[in-house]
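# Report on the structure
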Amino acid sequence: MAAPLQTVPKHIAVIMDGNGRWARERGLPRREGHRAGAESVRECVEACEEIGVEFLTLYAFSSENWNRPQKEIDALMRLLESFLREKTPEIHERNVRLQAIGQLNRLPDSCQKQLHKAIEQTAENTGLTLILALSYGAREEIVDGVKSILRNLEEGHLDKAMITPELFGKHLYTRYYPDPDLLIRTSGEMRLSNFLLWQVSYAEFYITKKFWPDFRKEDLHAAVEEYSRRQRRYGGL
Ligand code: IPE
Ligand code: IPE
Ligand code: MG
């Protein structure tokens, strides 16, 4: 028997790409593309609420993005801080629980402060869980996971025989969340760029040519619609 068709993805992960090209097409500085991208976040959150998605992970800043010119990094960090300051009341009002994954201690202190404030304020919310991937790199996450397991072994909390894929998953930043069912990337690039390497093993991929600032509710609905027609076989028949 064929695997059943999918219904609603429980967890959607998005590589929000193309802000710079969106701005260049309009003769604007790159930061204007990043600013415009913030509106797409709201659209995505609303569409997820409409559909009944439980977890939404947004790739906002990668480990490798630290290699960009300092001017762009500064603009992105300022934007992140003002996004958190301005949008947290609305996020809270919508019953959204904000979370973050990545090497958060690399973020500027003022950003970390806003972030932890937002996480704390929304911790008890029971609606959509919105996870921001910030200073996130999947290889760094996996290495941190290995270190965490080694610490547990050394302290005698773990035995080698207990190490399984399930246990390893419990040592990743994403240990509190299910694996993504659907991975969306905007701007047409066909790569993962160090995002959730472990967790997307069996996710369905959806790539759109649209730049992130042009991504609207209907685009998320279209992605979910396509997802619902996929057959996930997990290596079986
Ligand atoms: C995505 O847009 C946002 C971040 C990576 C921070 P880009 O800044 O990568 O935009 P493009 O890909 O250069 O157009
Ligand atoms: C991936 O986009 C990272 C984020 C969207 C935050 P990049 O623009 O950094 O990826 P590459 O360089 O095109 O692979
Ligand atoms: Mg890019």
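See the structure printed just above.
The text that follows walks through the structure, step by step, so that each part is easy to find. Being a predicted model, the structure only gives us computed values, none of them experimental. (Residues numbered from 1 in each chain as written. Chains lettered and ligands numbered in written order. Predicted model: local features only at pLDDT ≥ 70, side-chain atom pairs only at ≥ 80, totals over all residues. Heavy atoms only, no water.)

A separate point is the packing of helix H2 (residues 30-51) against helix H3 (residues 70-93). Remark: H2 packs on H3, axes separated minimally by 10 Å, with the N-to-C direction vectors making an angle of 25°. When the axes of H2 and H3 are compared, the pair comes out roughly parallel. For the crossing formed where H2 meets H3, the hand is right-handed. Side by side, H2 and H3 meet where Arg30, Arg31, His34, Arg35, Ala38, Val41 and Arg42 of the first sit next to Glu72, Ala75, Leu76, Leu79, Phe83, Lys87 and Glu90 of the second. Classifying every residue of the contact of H2 with H3 by side-chain character gives six nonpolar, one polar and seven charged. (Axes fitted to C-alpha atoms, helices over the stretch in contact; angles between N-to-C directions. Helix = DSSP H or I, 4+ residues; strand = E, 2+ residues; numbered from the N terminus. Parallel < 35°, antiparallel > 145°, perpendicular 65-115°, else oblique. Left-handed = near helix turned anticlockwise from the far one by under 90°. Contact = heavy atoms within 4.5 Å. Nonpolar A, V, L, I, M, F, W, Y, C, P; charged D, E, K, R; others polar.)

A separate point is the site of ligand 1. Around ligand 1, the surrounding shell holds 13 residues, and the nearest of these are Asp17, Gly20, Arg21, Arg30 and Arg68. Gly18 is positioned with one of its backbone polar atoms (N or O) 3.4 Å from an oxygen atom of ligand 1. Between an oxygen atom of ligand 1 and a main-chain N or O atom of Gly20, the distance comes to 2.9 Å. Contact with the protein chains hides 87% of the accessible area of ligand 1, taken as 380 Å² for the molecule alone. Looking at the shell around ligand 1, the elements that each hand over two or more residues are helix H1 (19-25), H2 and H3. If you tally residues by element for the shell around ligand 1, the top one is H1, at three residues. (Near = heavy atom within 4 Å. Polar contact = N/O pair within 3.5 Å; in protein donor to acceptor, adjacent residues only side chain to side chain. Areas by Shrake-Rupley, 256 points an atom, 1.4 Å probe, with all protein chains shown as cover.)

The next point concerns the packing of aromatic side chains. Throughout the structure, instances matching the rule amount to ten aromatic pairs. Taking the centre distance of 5.9 Å and the plane angle of 85° together, the rings of Tyr59 and Tyr136 count as edge-to-face. In this pair, Tyr59 is assigned in strand E2 (residues 55-62) and Tyr136 in strand E4 (residues 129-136), connecting sequence segments 77 residues apart. Grouping residues by exposure puts Tyr59 and Tyr136 together as buried. Between Trp212 and Phe215 the ring centres are 5.3 Å apart and the planes differ by 20°, which places this aromatic pair in the stacked class. Judged by relative accessible area, which is 1%, Trp212 ranks as buried. (Phe/Tyr/Trp six-rings, centres within 6.5 Å; stacked < 30°, edge-to-face > 60°. Buried < 20%, exposed > 50% of the residue type's maximum accessible area, 1.4 Å probe, protein only.)

It is worth spelling out the site of ligand 2 at this point. Neighbouring ligand 2 are the residues Ile15, Met16, Asp17, Tyr59, Ala60, Phe61, Ser62, Asn65, Arg68, Arg185, Arg191 and Ser193. At 3.4 Å from an oxygen atom of ligand 2 is found a side-chain nitrogen or oxygen belonging to Arg185. Contact with the protein chains removes 78% of the 390 Å² of surface that ligand 2 exposes when unbound. The greatest single-element share of the shell around ligand 2, amounting to four residues, is contributed by E2. A breakdown of the residues in the shell around ligand 2 according to their chemical character gives five nonpolar, three polar and four charged.

All right, on to the pairing of strand E5 (residues 182-185) then. The side-chain alternation of E5 yields two buried faces, one formed by Leu182 and Ile184 and the other by Leu183 and Arg185. In the sheet, strand E1 (residues 11-15) pairs with E5 via four bridges, with the strands oriented parallel. Bridge pairing links Ile12 to Leu182 in E5. Pairing geometry for E5 and strand E6 (residues 204-207), over four bridges, is parallel. For Leu182, the partnering residue across the bridge sits in E6 and is Glu204. (Pairing = 2+ DSSP bridges.)

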